[in-house]
Every structure is written in C-alpha cells, then in structure tokens.
Amino acid sequence: GARDAGRLVVGQSVGTLCLGYMGDRMGRKPAFLVTAGIICLFGLATSFCNTLFGLVLCRFMVGFGVGGLTVPFDTFAEFIPNSHRGRDLIKIE
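*Asks:* Tell me what's going on with the nonpolar core, and back it up with residues and numbers.
*Replies:* By size, the foremost hydrophobic cluster in this structure holds 7 residues: Leu19, Met22, Ala31, Ile38, Met61, Phe64 and Val71. Elements that contribute at least two residues to this core include exactly helix 1 (2–26), helix 2 (28–46) and helix 3 (52–67). Those residues within four positions of isoleucine 38 in sequence are excluded, and the remaining contacts are Gly43, Met61, Phe64 and Gly65.

Shown next, in the form of structure tokens:
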C-alpha cells in the first residue's frame, strides 16, 4: 500500500541522483542498461522475498532503478523540436 509506494519514491529520489550522474559521466546507454538491469533483477527478487527486510530492500532498489528512467527521457527530449517539446513530453509522462 502506501508504505510500499513510499519505499519506491525514496528509491526513485536516490536513483535519480545516482543514475543521472552516471548517465552524465559514462553515457546514457550504459546508465539505461544498468537501470533496466536493476529493475528486472530486484523486481524478480521481490517475488521471492519471505522477510519484511528483504521486501523493503527489493522495493527500494526497484524504485532506485525507476529513478534512472529519467536518463533516456532526457535523451528523447533532445530530439523533439522546441516548438512541440513541452506538449509531447507531457503526453509521454
């Protein structure tokens, strides 16, 4: 419920900071691959959790990975013409 959503939001906040920095330093493609890997790995691990601590950790890490999804979003924004950028990005969001 709400606590699970809270864990995701905290993970997203940390993930955006860390993976955004990684995207700037190492490139967007490696950062996106790491993001996808984190989401897949910890999303799958969530289904095998049998302790509260494990569930909290996995959901936090899924949120961490979701926070990195801003990296390809920025790349996409660069290709949209300025005259349509705001409208088109709102549609995607």
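From this point, the narrative continues.
*Asks:* Describe the packing of helix 1 against helix 2, with residues and values.
*Replies:* Direction vectors running N to C along helix 1 and helix 2 enclose 145 degrees, while the axes themselves pass 7 Å from each other. In contact with Leu19, Met22, Gly23 and Met26 of helix 1, helix 2 contributes Arg28, Pro30, Ala31, Val34 and Thr35. When its residues are assigned to classes, the contact of helix 1 with helix 2 shows 6 nonpolar, 2 polar and 1 charged.

*Asks:* So, a nonpolar patch on the surface: which residues are in play, and what are the values?
*Replies:* Judged by side-chain polarity, Phe32, Leu33 and Leu69 come together as a nonpolar surface patch covering roughly 270 Å² of accessible area. Inspection of the secondary structure puts leucine 69 in the loop between helix 3 and helix 4 (70–79).

*Asks:* Explain the side chain of threonine 35 residue by residue, including any values.
*Replies:* Within the element layout of this structure, threonine 35 appears in helix 2. In this view, threonine 35 contacts Leu19, Gly65, Gly68 and Leu69; residues no more than four positions away in its chain are not counted.

*Asks:* Residues and numbers for the pattern of salt bridges, please.
*Replies:* The tally for this structure, following the rule as stated, stands at 1 salt bridge. Between arginine 87 and aspartate 88 there is a salt bridge, with its nearest N and O atoms 3.4 Å apart. Look at arginine 87 and you get partly exposed, because its relative accessible area is 47%.

*Asks:* Describe helix 1, listing the residues and the values that go with them.
*Replies:* Spanning 25 residues, helix 1 covers 35 Å between terminal C-alpha atoms, matching the ideal 36 Å at 1.5 Å per step. The sharpest bend along helix 1 reaches about 25 degrees and sits at glycine 15. By the burial criterion, the buried members of helix 1 are Arg7, Gly11, Gly15, Leu19, Gly20, Met22 and Gly23. Of the residues one or two after helix 1, glycine 27 is the one with positive phi, at around 110 degrees.

Reading the values: the criteria
Just so you know, the residues in each chain are numbered from 1, in the order the chain's sequence is written. This being a predicted model, a pLDDT of at least 70 is required before a residue's local features are given, and a value of 80 or more before pairs of side-chain atoms are given or counted; all residues contribute to the totals for chains, interfaces and linings. Neither water nor hydrogens contribute to the side-chain values; these are computed over all heavy atoms in the structure. Grouping buried Ala, Val, Leu, Ile, Met, Phe, Trp, Tyr and Cys residues that are joined through side-chain atoms within 4.5 Å yields what is termed a nonpolar core. Buried, partly exposed and exposed residues are distinguished by accessible area as a fraction of the type maximum, computed with a 1.4 Å probe on protein chains only: under 20%, between the cut-offs, and over 50%, respectively. What counts as a helix is a DSSP run of H or I of at least four residues, what counts as a strand is a run of E of at least two, and both are numbered from the N terminus. Note on contacts: a residue pair is in contact if any heavy atoms of the two residues lie within 4.5 Å. Interaxial angles span 0 to 180 degrees and are taken between N-to-C directions of axes, which are lines fitted to C-alpha atoms, for helices over the stretch in contact. In the scheme used here, Gly and all other residues not listed as nonpolar or charged are polar, with Ala, Val, Leu, Ile, Met, Phe, Trp, Tyr, Cys and Pro taken as nonpolar and Asp, Glu, Lys and Arg as charged. For patches, a residue must show more than 30% relative accessible area and have no salt bridge; joins then use 9 Å for like charges and 5 Å for nonpolar side chains, namely Val, Leu, Ile, Met, Phe, Trp and Tyr. The Shrake-Rupley method, run with a 1.4 Å probe, gives the accessible areas here. Residue values count only the displayed protein chains as cover. Here, a salt bridge means any Lys or Arg side-chain nitrogen found within 4 Å of an Asp or Glu carboxyl oxygen. Here, expected helix span is obtained from the residue count minus one, scaled by 1.5 Å. Values of bend correspond, residue by residue, to the angle between axes fitted over the seven residues ending at that residue and the seven starting there.

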